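# Descriptive analysis of the structure
This is what each chain is made of:
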Amino acid sequence: TRSTRARELLTEIMPTLLQALGRTANPDGALAKFDEFLSGLPAGVQLFALLAANPRLLDLIAEVMGTAPALAEQLSRRPSLLDAVLSPGFFAGLPPREALKRELADRLVLARDFQDRLDVTRRFANDHRFQAGIQFLQGLVGETQAGHFLSNLADTVLRALVPAVEEEFARSYGRIDGAGLAIVALGKLGSREMTPASDLDLVLLYQAPEGTQSDGAKTLDATTYFTRLAQRLINAVMVQTGEGALYQIDMRLRPSGNAGPLATSLKGFRRYHDRDAWTWEHMALTRARVVTSEEPFAAEVGQAIRTVLTAPRDPGTLLADVASMR
């Protein structure tokens, strides 16, 4: 409010603003959140002019500040999201998977380097998470529809990031001829029930010809190669850039949990689930699906999961295990 014009605009919208905040479930909290939002802006005149010209936008901001703390936090970090709210089509349903894929590909064309790709994917994901949150808040989409959309969004981002990370990794370590990598989603991503706060439950599986090494300047055996590549992938998703983190990743459902390697060979995966896995680990696989992989490796992974799930089991032991876990 340093400029005279900003103070005039704020005075003009104040009655409407207080009415809108007063209609929320927690008016005092909404006012405090709105103040926090304003404090992060370099100047208020543009926002106040926008709100004066768009009373419905003011109502929406008040609703966000009063009832949706996560969305309020997003808006405080990136006030430019309000421009998206005013764009045509923001409330016209959530885009399907193919539209998401095309949009992200178009955005990534402008990325100059790997760091740019990380930032572009984060902006893309945050924009659409915010869109889904607002549409859910307004009752335009239901929980199931929002869950499917957020899962498609995560799929799209992972499928775009994996080739970029592999290319960057290959600069130092090359590639392994005839090898394959698969990202398997479990949990809420696997069952397409994600929420804006969901992390990603992932298992990374690979397959490589026996005894092969990478062909880069620094050669690695397959186990070391895919373990390091897995770490690069995790970092690419979780690292904090200027646009924040993309997702949190939970790898505890991999074979042997936190004690196991970050990437497991398909042969090791089959052996673990055949001999050592607990019932609850097999239950977790009921949500498993391959998110990103080249054929025919994706089909092999899918078949390995089906084999685990359809193996004969003793009904009494199974019921006791399930009851114990619950």
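Throughout what follows, the structure given in this document is the object of discussion. By convention here, each chain's residues receive numbers from 1 onward along its written sequence. Only residues with pLDDT of at least 70 are given local features in this predicted model, and only at 80 or more are side-chain atom pairs given and counted; all residues enter the totals for whole chains, interfaces and linings. As a rule here, side-chain values cover all heavy atoms of the structure and leave hydrogens and water aside.

## Topic: the pairing of strand β1 (residues 180–186)
Accessibility here uses a 1.4 Å probe with only protein chains present; expressed as a share of the type maximum, an area under 20% marks a residue as buried, one over 50% as exposed, and anything in between as partly exposed. Every helix listed is a DSSP run of H or I at least four residues long, and every strand listed is a run of E at least two residues long, numbered separately from the N terminus. The buried fraction of β1 amounts to 7 of the 7 residues, a majority that puts the element mostly inside the structure. Burial along β1 is two-sided: G180, A182, V184 and L186 facing one way and L181, I183 and A185 facing the other are all buried. A pair of strands is labelled paired if DSSP reports no fewer than 2 bridges between them. Across 7 bridges, the pairing between β1 and strand β2 (residues 200–207) is antiparallel. Residue pairing across strands places L181 opposite Y206, the latter belonging to β2. Inspection of the sheet shows β1 paired to strand β5 (residues 289–292) by 3 bridges, in the antiparallel sense.

## Here we look at helix α2 (residues 27–39)
What a helix should span is 1.5 Å times the count of its residues minus one. Counted at 1.5 Å a residue, the expected span for α2 with its 13 residues is 18 Å, and the 18 Å between its end C-alpha atoms agrees. Taken together, the buried positions of α2 are occupied by A30, F34 and F37. Buried positions in α2, seen along its axis, are confined to an arc of 55° and lie on one side of it. Residues D28, D35 and S39 are exposed on α2 and point more than 90 degrees away from its buried face. Should any heavy atoms of two residues lie within 4.5 Å, those residues are considered in contact. In the core, the buried residues of α2 are packed alongside α1 (4–22), α3 (45–53), α4 (55–67), α5 (69–77) and α6 (81–86). In this description, the arc belongs to the directions extending from the helix axis to the C-beta atoms.

## Some remarks on a nonpolar patch on the surface
Every patch collects residues that have over 30% relative accessible area and no salt bridge, joining them within 9 Å if they carry like charges and within 5 Å if they are nonpolar side chains (Val, Leu, Ile, Met, Phe, Trp, Tyr). Each accessible area value is a Shrake-Rupley result obtained with a 1.4 Å probe; residue values ignore everything except the protein chains displayed when judging cover. Whenever Lys or Arg places a side-chain nitrogen within 4 Å of a carboxyl oxygen from Asp or Glu, that contact is recorded as a salt bridge. A surface patch of nonpolar side chains, about 250 Å² in accessible area, is lined by M14, L18 and L31. Mapped onto the fold, L31 is located in helix α2. Residue class for L31 comes out partly exposed when judged on its relative accessible area of 43%.

## Observations regarding the side chain of R78
Position of R78 relative to the elements: it lies in the loop between α5 and α6. Taking the relative accessible area as the measure of exposure, R78 reaches 18% and is therefore buried. Those residues within four positions of R78 in sequence are excluded, and the remaining contacts are R123, N126, D127 and E243.

## So, the pairing of β2
Among the 8 residues in β2, 7 count as buried, and that is most of the element. Where β2 meets strand β3 (residues 249–250), 2 bridges bridge the pair, whose relative direction is parallel. Pairing of D201 across the sheet is with D250, part of β3. Sheet topology note: the β2/strand β4 (residues 263–265) ladder contains 3 bridges and is parallel. Bridge pairing in β4 places L205 opposite T264.

## Some points on the packing of aromatic side chains
Under the pairing criterion, centres of Phe, Tyr and Trp rings, with the six-membered ring standing for Trp, must be within 6.5 Å; the plane angle then separates stacked pairs below 30 degrees from edge-to-face pairs above 60, leaving the rest tilted. Applying the stated criterion across every chain yields a total of 6 aromatic pairs. Each ring, one from F90 and one from F91, has its centre 5.0 Å from the other, and the planes form 80°; the classification is edge-to-face. For the ring pair F169 and Y225, a centre distance of 5.0 Å and an interplane angle of 75° mean the geometry is edge-to-face. A residue pair is termed long-range when its members are at least 10 positions apart, and F169 in helix α9 (residues 143–173) and Y225 in helix α11 (residues 222–238) qualify at 56 residues. The class for F169 is buried, based on a relative accessible area of 1%. Residue class for Y225 comes out buried when judged on its relative accessible area of 4%. Here the aromatic residues F169, Y173, Y206, Y225 and F226 are joined through ring pairs into a cluster of three or more. For a ring to carry a charge above it, either NZ of a lysine or CZ of an arginine must fall within 6 Å of the ring centroid while also lying within 35 degrees of the normal to the ring plane. Positioned over the ring face of Y247 is R129, at 4.7 Å from the centre of the ring.

Structural measurements only, silent on function.
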